[in-house]
Amino acid sequence: MARAENKETAGPTAQMVANVARKLRVRKGWTQEQLGKQIGFSAAAVSAMETLAQPASDDMLVELERVLGDGLEIFEDARVPVRLEKYPVQFQDYALLEQTAVVLRLYSTLVIHGLFQTEEYARALIGGGYPPLPEQRVEELVEARMARRALFDRTPVALIEVVLEESVLRRVIGGANVMRGQMRHLAECARRRNVTLQVLPMECGLSGEHAGDRGGMTLAETPDHDHLVYLEPQDESLLITDPAKVSTYAQRYAKIRAQALDPRTSLGLIEELAGEQR
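As the structure is a prediction and not an experimental result, all values here were calculated from the model.

Between the first and last C-alpha of helix 13 (residues 263-274) there are 16 Å, a value that for 12 residues agrees with the 16 Å anticipated at 1.5 Å per step. All of the buried residues along helix 13 are S266, L267, G268, L269, I270, E271 and A274. Among the structural elements, helix 10 (166-170), helix 11 (176-190) and strand 3 (195-200) are those in contact with the buried residues of helix 13. Among the residues of helix 13, the N-terminal cap falls to D262, whose side-chain oxygen and the backbone nitrogen of R264 are separated by 3.0 Å.

Given below as structure tokens:
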């Protein structure tokens, strides 16, 4: 069900979409049900979009552009900002940076990094978080998270390095079937030419040295070749631009990567966990 509180929290782009869509619908003399039939959505879904009880999904925006856009690309241009408005507030600034980055270096310590999550894993993770979220908000966040994966096929291609703690691979989220699918997806990602995936083994601290003991991080290089660090502890966000601090994080990341399994061995471990080891 759409949430009434969305009407109070909807972002400016969602508000613009709702207003323009309603005016164009009325101009054509269509009811909400008639518009719904044209775009493949129910009258209730159209009503929820127009009243901001549930902002337009990406699929709805595509169809609104086809039916109401009249070549102006109003709804097409709204797709990215509407998607950004659906992310948690603390993530919105970074989300745009992520989609435009030329290089991303990721270190994930608790769960599979969001860019590499399957839909089922993301739904189990988001739906099982605290505080509990309404089902509609869970689906909204899952949709927004899946949209981030467009980065993998973007032109120009982004180079992505990711180091995952082995414990992340073994921590069951959503059940065995969900994890099996997640491991298979990770293996597919690891085989991409623009992706380097490594696993930091659980015994890496046996020698008394564990460079990743301070938690996860994201290092990003922008199209202008600026280097930044993004941290997200406990639903807060921190974007670091100071060159000296960024350099320290980059050196730490390099050490973490050096302590990780090499990419081929990492892929073998993931395939084994997925039941695909040949």
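All told, the structure shown has 16 salt bridges when counted by the stated rule. Note that E63 is salt-bridged to R66, the shortest N-O span being 2.7 Å. Of this pair, E63 and R66 both sit in helix 5 (residues 58-68), 3 residues apart, which is roughly one turn of that helix. When the shortest N-O distance is used, the salt bridge between K255 and E209 registers 3.3 Å. Of this pair, K255 sits in helix 12 (residues 243-259) while E209 sits in the loop between strand 3 and strand 4 (217-221), and the two are 46 residues apart along the sequence. We classify K255 as partly exposed; its relative accessible area is 40%. Here the salt bridges do not stand alone but share partners, grouping D58, E76, R79 and R83 into one network.

Grouped together as the largest cluster of nonpolar side chains are 40 residues, with contacts concentrated most on I112, F116, L169 and L186. For this core, the elements supplying multiple residues, two or more each, are helix 7 (89-100), strand 1 (103-108), strand 2 (159-165), helix 10, helix 11, strand 3, strand 5 (227-231) and helix 13. Beyond its immediate stretch of four places on either side in the chain, L186 contacts I112, F116, L164, L169, L197 and I270. With 20 residues, the next largest nonpolar core counts A10, V46, M49 and L52 among its residues.

Here we come to the pairing of strand 4. Burial runs high along strand 4: 5 of the 5 residues are buried. Taking every second residue as pointing to the same face, both faces of strand 4 are buried, with M217, L219 and E221 on one and T218 and A220 on the other. By the bridge criterion, 5 bridges tie strand 1 to strand 4 in an arrangement that is antiparallel. Note on strand 4: the bridge partner recorded for L104 is A220. Here 4 bridges tie strand 4 to strand 5, and the two strands are oriented antiparallel to one another. When the bridges of strand 5 are listed, L219 appears paired with V229. Linkage of strand 4 to strand 5, two consecutive antiparallel strands, is achieved through a turn of 5 residues, within which H225 is found at a positive phi near 65°.

Thresholds, definitions, all that
Residues numbered from 1 in each chain as written. Predicted model: local features only at pLDDT ≥ 70, side-chain atom pairs only at ≥ 80, totals over all residues. Heavy atoms only, no water. Helix = DSSP H or I, 4+ residues; strand = E, 2+ residues; numbered from the N terminus. Expected span 1.5 Å × (residues − 1). Buried < 20%, exposed > 50% of the residue type's maximum accessible area, 1.4 Å probe, protein only. Contact = heavy atoms within 4.5 Å. Polar contact = N/O pair within 3.5 Å; in protein donor to acceptor, adjacent residues only side chain to side chain. Salt bridge = Lys/Arg side-chain N within 4 Å of Asp/Glu carboxyl O. Core = buried A, V, L, I, M, F, W, Y, C linked by side-chain atoms within 4.5 Å. Pairing = 2+ DSSP bridges.

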